[in-house]
Amino acid sequence: MTITFITGANKGLGRETARRLIECGHTVLVGARDREQGEEAAAALGARYVPIDVTDDASVAAAAVDVAEHEGRIDVLINNAGVHGPVGDPGDLTAADARAVLDVNVIGVIRTTTAFLPLLRRSNDPVIVNVSSGMGSLALTHDPDRPESHVVAPLYTSSKAALTMLTTQYAKGLDDIRVNAADPGYTATDLNGHSGPQTVTEGTDAIVHLATEGPGAGTGRFVSRHGEIAWS
């Protein structure tokens, strides 16, 4: 049975991804910083809760130990935890703002991936899915016909641009693991005040697709629910 660990899985895209993958037969581990919300989500979904704060080295290490002791391996790691940060005038940004966003959206992915690599390497078909965004695409954010071009969110967009590049580097450097990035699209979640036109189920299409492709699928791709996105 496929064992999948999802960060930020207590709500939004992470929770819906967990629900759908359980329906597909995966054993899902709900990773979340908030214990009460994480335990509630896991109980409601039929998953197991694992405490993890992706901004804390000790917490991430403890989560990996927890999974090693209980499941012994994972087959799929979904780096979903993310924060939005300030919107609007970039003249008001502070270094503290930047650290807070990058620590979750980029450095948190590095922390978690490094800690869980030994568990992934015990799998016959290890997969990493990084939940990125079209908001990090230079092409999409410069296309006036795309909603991504009408938002000023300096730290979120730059963090997702970094995450997509990080994904390509992992894909090149980890030849024994498939590493891809998913663009959920403009989805109604807490992150955007539920303003997105897509449902949370539609927003998880690309994530679920990448998590369930099976052996032989490609690596180093950026995928939306409509297909592959150019790395630009």
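Everything below is about the structure printed above this text.
Note that the structure is a prediction, hence the values are computed from the model and not measured.

Asks: Explain helix 2 (residues 35–45) to me, please; I cannot follow it from the model alone.
Replies: Structurally, the α-helix is built with 3.6 residues per turn, so residues lying three or four positions apart point the same way. Within the sequence span of helix 2, burial applies to G38, A41, A42 and L45. Seen end-on, helix 2 carries its buried residues on one side only, within an arc spanning 95°. Facing away from the buried side of helix 2, by more than 90 degrees, are the exposed residues E36, A43 and A44. Where helix 2 is buried, its residues touch helix 1 (12–23), strand 2 (27–32) and strand 3 (48–51). Where helix 2 begins, the side chain of D34 points an oxygen toward the backbone nitrogen of E36, at a separation of 3.1 Å. After helix 2 finishes, the residue G46 shows a positive phi value of roughly 85°.

Asks: Would you explain helix 1 in this entry?
Replies: Here helix 1 is twelve residues long and its end C-alpha atoms lie 17 Å apart, about the 16 Å a rise of 1.5 Å per residue gives. If you check which residues of helix 1 are buried, you get L13, G14, E16, T17, A18, R20 and L21. Where helix 1 is buried, its residues meet strand 1 (3–6), strand 2, helix 2, strand 4 (76–79), helix 8 (200–203) and helix 9 (205–211).

Asks: Is there a simple way to think about the pairing of strand 5 (residues 127–131) in this case?
Replies: Along any regular strand the residues' side chains alternate between the sheet's two faces. With five of five residues buried, strand 5 lies mostly within the body of the structure. Of the pairings in the sheet, the one linking strand 5 to strand 6 (residues 178–183) comprises five bridges and is parallel in character. Looking across to strand 6, one finds that V131 is bridged to A182.

Asks: I'm lost on the environment of I207 in this one. Help?
Replies: Looking at where I207 falls in the secondary structure, it is placed in helix 9. Remark: the alpha-carbon pair of I207 and S159, spanning 48 residues in sequence, is separated by 19 Å. If near-sequence neighbours (up to four positions away) are discounted, I207 is found in contact with T17, I78, V129, V131 and A182.

Asks: Got a minute to help me understand the pattern of salt bridges in this structure?
Replies: Opposite charge on two side chains allows them to pair when their charged atoms are near. Under the counting rule described, the total for this entry stands at 15 salt bridges. The residue R35 makes a salt bridge to E39 at a minimum N-O spacing of 3.2 Å. Of this pair, R35 and E39 both sit in helix 2, separated by four residues, roughly a single helical turn. Its relative accessible area of 40% is what places E39 among the partly exposed residues. Between D103 and R111 there is a salt bridge, with its nearest N and O atoms 2.8 Å apart. Through salt bridges that share partners, R20, E202, D205 and R225 make up one connected network.

Parameters at a glance
Residues numbered from 1 in each chain as written. Predicted model: local features only at pLDDT ≥ 70, side-chain atom pairs only at ≥ 80, totals over all residues. Heavy atoms only, no water. Buried < 20%, exposed > 50% of the residue type's maximum accessible area, 1.4 Å probe, protein only. Helix = DSSP H or I, 4+ residues; strand = E, 2+ residues; numbered from the N terminus. Arc of directions from axis to C-beta. Contact = heavy atoms within 4.5 Å. Polar contact = N/O pair within 3.5 Å; in protein donor to acceptor, adjacent residues only side chain to side chain. Expected span 1.5 Å × (residues − 1). Pairing = 2+ DSSP bridges. Salt bridge = Lys/Arg side-chain N within 4 Å of Asp/Glu carboxyl O.

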